[in-house]
Amino acid sequence: MAEANTLGKSVIELATFYVGHALCGMDILKIQEINKLMEMTKVPQAPEYMIGILNLRGQIVTIIDLGQKLGLGNIEITNESRNIIINAPGEHVGLLVSKISDVVMADPDRIEPAPANMSGVQGAFFTGVYKTENKLIGILDIKEVLRIESDNLNRGLER
């Protein structure tokens, strides 16, 4: 994760966002950009959570409904919905989220393992949780979320 040094203390910058009512975060350096929804093209026979592809300045970006991928239900598309475009090696992936929240400066020593109730399908996608004074942030394991996307996209395009 990205670490900054503030007064001799290491911190991680977490970009936070909502997936439904769940507050999630990820290392800000993994994000290429955040944009509003654009016209997407559905990919035949792709997994349900893969809601389509879009052309972003000449680059094809696969868009994933992060709510559905995490087992939290479909993202309801509103004026606050955004695509978080991820810096993924060899591919461009966008995560559809309900809305963007703040950047949180996180002390790595205060990141706790994901609790037992996050186990199972959605728990596999989180590396831990970070508590602020009034929020609990689930830290997304972006590598796990993106692990099989290019295989699924290629399979959908071949049919």
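What counts and how
- Residues numbered from 1 in each chain as written.
- Predicted model: local features only at pLDDT ≥ 70, side-chain atom pairs only at ≥ 80, totals over all residues.
- Heavy atoms only, no water.
- Phe/Tyr/Trp six-rings, centres within 6.5 Å; stacked < 30°, edge-to-face > 60°.
- Lys NZ or Arg CZ within 6 Å of the ring centre and 35° of its normal.
- Core = buried A, V, L, I, M, F, W, Y, C linked by side-chain atoms within 4.5 Å.
- Buried < 20%, exposed > 50% of the residue type's maximum accessible area, 1.4 Å probe, protein only.
- Contact = heavy atoms within 4.5 Å.
- Pairing = 2+ DSSP bridges.
- Helix = DSSP H or I, 4+ residues; strand = E, 2+ residues; numbered from the N terminus.
- Axes fitted to C-alpha atoms, helices over the stretch in contact; angles between N-to-C directions.

## With respect to the packing of aromatic side chains
Thinking step 1. On inspection of all chains with the given rule, the structure shows 0 aromatic pairs.
Thinking step 2. A cation over an aromatic ring shows up here: Lys99 above the ring of Tyr18, its NZ or CZ 5.1 Å from the ring centre.

## Details of the nonpolar core
Thinking step 1. Residues Phe17, Leu66, Leu95, Leu140, Val145 and Leu146 are the most contacted members of the largest nonpolar core, which totals 33 residues.
Thinking step 2. If we skip the residues at most four places from it in the chain, Leu66 touches Phe17, Val19, Ile75, Leu95, Leu96, Val97, Leu140 and Val145.
Thinking step 3. If you look at the next biggest cluster of nonpolar residues, it comprises 9 residues, including Ile12, Val104, Ala106 and Ile137.

## Points about the sheet that holds strand 7 (residues 82-88)
Thinking step 1. If you trace the 5 strands from one edge of the open sheet to the other, you get 4-7-8-6-5, paired in mixed fashion. If you trace the sheet from one side to the other, it starts and ends with strand 4 (31-35) and strand 5 (50-56), each paired once. Averaged over all adjacent pairs, the angle separating strand axes in this sheet is 25°, with direction ignored.
Thinking step 2. Note: strand 6 (residues 59-65) against strand 8 (residues 91-97), 4 bridges, orientation parallel. Bridge pairing in strand 8 places Ile64 opposite Leu95.

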